[in-house]
Amino acid sequence: RAKDNGKNNYQFYTMMLNKEVSRKMDLQTSLRKALDKNEFVLHYQPQFDLKSGLVYGLEALLRWESPSNGLVSPLEFIPLCEETGLIISIGEWVIDAACRQNKIWKEAGYPFNHIAVNVSAIQLKHPGFYYMLTDTLKKLGMDPQHLVLEVTESVMQDLNTSVVINKLISSGIRVAIDDFGTGYSSLRLLKNVKPSIIKIDPSFTRDIIKNNDSLVILKHILNMGHELNCIIIAEGIEYEQQVSLLNKLGCDIGQGYLFSKPLPGESIKKFFDDKLLTHF
Ligand code: C2E
Ligand code: MG
Ligand code: MG
Ligand code: MG
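The chain is annotated in an unreviewed UniProt entry as Diguanylate cyclase/phosphodiesterase with PAS/PAC sensor(S) of Pseudobacteroides cellulosolvens ATCC 35603 = DSM 2933.

Below you can see the structure in the form of C-alpha cells.
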C-alpha cells in the first residue's frame, strides 16, 4: 500500500513537473511571438518633486498585452526572459521605445527631466549593450542626461556589470540604484559606481510611519545619499502621512500609487496637456 502510495505521489509529482515545464515552454513561445506581434507596451509612472510638486521623471515599466491573458505584469515574465536570454531583444525594444517616446514628449515641450528604464544584469553583460544604447541615443539625437538606467545593487556589486555601468556614466547617462536597501553591501558598492539617484525600496517607505527602525535607516540613507550628491527617490508611496514625513526629512522625490499608477503613454500625454503638473 505504502509503495503504491509512493508511486502515486511520484506520478503526481512528475505530472506537475511536466505541466510546469510545458507551461513555461508555452509561455516562452508566446513571449517570443509577442515581440514580433508588437504586444509589448510601456506604461509610465511619474516621479514627483516633493517640494515643488512638479514632475521630475517618468519610469518606463514593461507590460505584455497578451490577447489571451490580458495585461501581464513584468514580475510574471521578466524572470523567464532572463532565463532564456529573450531579455536581450526585449530589453532592446524597451530602450528603443522609451527613447522614442522621450523624443516625442521633449519635442512637445513637456516639463520632465528624464525617462528611467529598468535594465537587468543579463542585459548589461551582453557585449552589444553599450553600443546598442549609445547608437540609439545618437540616432535619436537624445541627450544622454535624459536617460536614467535603473539597476539593482547586485548589478553594481558585480565587477563585469559595474565596468559597463561606469562606461555608460562616462558617456553621460545617469544611473539609479533601484530597490536600495534590499540587496547586499549597499554601502561598499557606492564606491564602485557613482549613481545619480538612489531609489529607496517600498519596504522602508511603507514602514516609516509606524516603525522607528525603518525611520532611522531612512534618515541614514538620506544623509549618506545627499553627501554623495545623489537625488533620493522614495518608492511605493501610498499615504499622505508618508509624503509629509518624507518631505520633512528632506527626501527629494516621491513615486507611488498615491500620486499616480503607471499609465499608458496616451494618459501621460493627457496628463501633461491638461497641465496636471502638481499633485498637492
Ligand atoms: P521596479 O523597477 O522596482 O518598479 C516598481 C514597481 O512597483 C512597479 O511594478 C510599479 O508598478 C510598482 N509600484 C509603483 N508604485 C507603487 C505603490 O505605491 N504601491 C505598490 N504596491 N506598488 C507600486 P511593475 O510595473 O509590476 O514592475 C515590477 C518590476 O519588474 C520592476 O520593479 C522591475 O524590476 C521589473 N521591470 C519592469 N519593467 C522592466 C523592463 O522593461 N526591463 C526589466 N529588465 N525589468 C523590468
Ligand atoms: Mg525600477
Ligand atoms: Mg523598485
Ligand atoms: Mg524591483
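Each helix and strand counted, the chain has twelve helices and ten strands in total. Against the globule reference of 19 Å for 280 residues, the chain gives a C-alpha radius of gyration of 21 Å, in line with a compact fold. For the chain, the spread of C-alpha atoms along the principal axes amounts to about 70 × 50 × 40 Å. Per-residue burial over the chain gives 45% buried out of 280 residues.

This brings us to the site of ligand 1. Around ligand 1 there are 23 residues in total, and Arg-63, Asn-118, Asp-178, Glu-238 and Tyr-257 lie nearest to it. A distance of 3.1 Å is found between an oxygen atom of ligand 1 and a side-chain nitrogen or oxygen belonging to Glu-59. The fraction of the free accessible surface of ligand 1 (810 Å²) that becomes covered by protein chains is 81%. Looking at the shell around ligand 1 residue by residue, the classes come out as nine nonpolar, seven polar and seven charged.

Taken together, the side chains of Tyr-13, Leu-17, Val-21 and Met-25 make up a nonpolar region of the molecular surface, amounting to roughly 410 Å² of accessible area. Inspection of the secondary structure assignment puts Leu-17 in helix 1 (residues 2-36). With a relative accessible area of 42%, Leu-17 lands in the partly exposed category.

Before going further, it helps to spend a moment on the environment of Leu-215. Note that Leu-215 resides in helix 10 (residues 212-227). With relative accessibility at 15%, the residue Leu-215 sits in the buried group. Residues Leu-215 and Ser-260, spaced 45 residues apart in sequence, show a C-alpha to C-alpha distance of 24 Å. Other than its neighbours up to four places away in sequence, Leu-215 contacts Ile-208, Leu-245 and Leu-249.

This brings us to helix 3 (residues 87-107). In a regular helix each residue adds 1.5 Å, so 21 residues correspond to 30 Å; helix 3 covers 30 Å between its end C-alpha atoms and thus fits that length. Three or more residues of helix 3 are buried, namely Ile-87, Ile-88, Ile-90, Gly-91, Val-94, Ile-95, Ala-97, Ala-98, Cys-99, Gln-101, Asn-102 and Trp-105. Count one or two residues on from helix 3 and you reach Gly-109, which has phi positive near 80°.

On to the packing of aromatic side chains. Under the definition given, this model contains twelve aromatic pairs. Considering the side-chain rings of Trp-105 and Phe-112, the 6.4 Å spacing of their centres and the 85° angle between planes classify their relative orientation as edge-to-face. For Phe-112, a relative accessible area of 6% translates into the label buried. By way of ring pairs, the aromatic residues Tyr-44, Phe-48, Trp-105, Tyr-110, Phe-112, Phe-259, Phe-271 and Phe-272 are connected into one cluster. Sitting over the ring of Phe-112, Lys-106 keeps its end group 4.4 Å from the ring centre. Its end group placed over the ring of Tyr-130, Lys-167 keeps NZ or CZ at 4.1 Å from the ring centre.

Working note: non-glycine residues mostly have negative phi, and peptide bonds are mostly trans. For Asn-38, which is not glycine, the phi dihedral falls at a positive 60°. You can see Asn-38 is positioned in the loop between helix 1 and strand 1 (40-49). For Asn-38, a relative accessible area of 58% corresponds to the exposed category. A positive phi angle is found at Asn-229, which is not glycine, with a value near 60°. Relative to the assigned elements, Asn-229 resides in the loop between helix 10 and strand 8 (231-234).

A separate point is the environment of Gly-181. Position of Gly-181 among the secondary structure elements: in the loop between strand 6 (174-180) and helix 8 (189-192). A relative accessible area of 30% places Gly-181 in the partly exposed class.

Interhelical geometry of helix 10 versus helix 11 (residues 240-249) gives an angle of 45° and a closest axis separation of 11 Å. Relative to helix 11, the element helix 10 is oriented oblique. As helix 10 runs across helix 11, the sense of the crossing is right-handed. Packed against helix 10, whose contacting residues are Leu-215, Leu-218, Lys-219 and Leu-222, the element helix 11 presents Leu-245, Leu-246 and Leu-249 at the interface. Residues belonging to the contact of helix 10 with helix 11 are distributed by class as follows: six nonpolar, no polar and one charged.

With that settled, consider the coordination of the magnesium ion (ligand 3). Asp-178 (OD), Asp-179 (OD) and Glu-235 (OE) make up the full set of protein donors to the magnesium ion (ligand 3), lying at 2.1 to 2.4 Å. In primary-sequence terms, the residues that donate to the magnesium ion (ligand 3) follow D-D-x55-E. Here the magnesium ion (ligand 3) and the magnesium ion (ligand 2) are spaced 4.3 Å apart, and both take Asp-178 as a donor. Of this pair, Asp-178 sits in strand 6 while Glu-235 is found in the loop between strand 8 and helix 11, placing the two residues 57 residues apart along the sequence. Taken individually, Asp-178 and Glu-235 each receive the classification buried, so the pair is uniform in this respect.

Calculation criteria
- Residues numbered from 1 in each chain as written.
- Chains lettered and ligands numbered in written order.
- Predicted model: local features only at pLDDT ≥ 70, side-chain atom pairs only at ≥ 80, totals over all residues.
- Heavy atoms only, no water.
- Helix = DSSP H or I, 4+ residues; strand = E, 2+ residues; numbered from the N terminus.
- Rg over C-alpha atoms; globule rule 2.2 N^0.38 Å.
- Buried < 20%, exposed > 50% of the residue type's maximum accessible area, 1.4 Å probe, protein only.
- Near = heavy atom within 4 Å.
- Polar contact = N/O pair within 3.5 Å; in protein donor to acceptor, adjacent residues only side chain to side chain.
- Areas by Shrake-Rupley, 256 points an atom, 1.4 Å probe, with all protein chains shown as cover.
- Nonpolar A, V, L, I, M, F, W, Y, C, P; charged D, E, K, R; others polar.
- Patch = residues over 30% accessible without salt bridge, like charges linked within 9 Å, V, L, I, M, F, W, Y side chains within 5 Å.
- Salt bridge = Lys/Arg side-chain N within 4 Å of Asp/Glu carboxyl O.
- Contact = heavy atoms within 4.5 Å.
- Expected span 1.5 Å × (residues − 1).
- Phe/Tyr/Trp six-rings, centres within 6.5 Å; stacked < 30°, edge-to-face > 60°.
- Lys NZ or Arg CZ within 6 Å of the ring centre and 35° of its normal.
- Axes fitted to C-alpha atoms, helices over the stretch in contact; angles between N-to-C directions.
- Parallel < 35°, antiparallel > 145°, perpendicular 65-115°, else oblique.
- Left-handed = near helix turned anticlockwise from the far one by under 90°.
- Donors = N, O, S within 2.8 Å, 3.2 Å for Na, K, Ca; no water.

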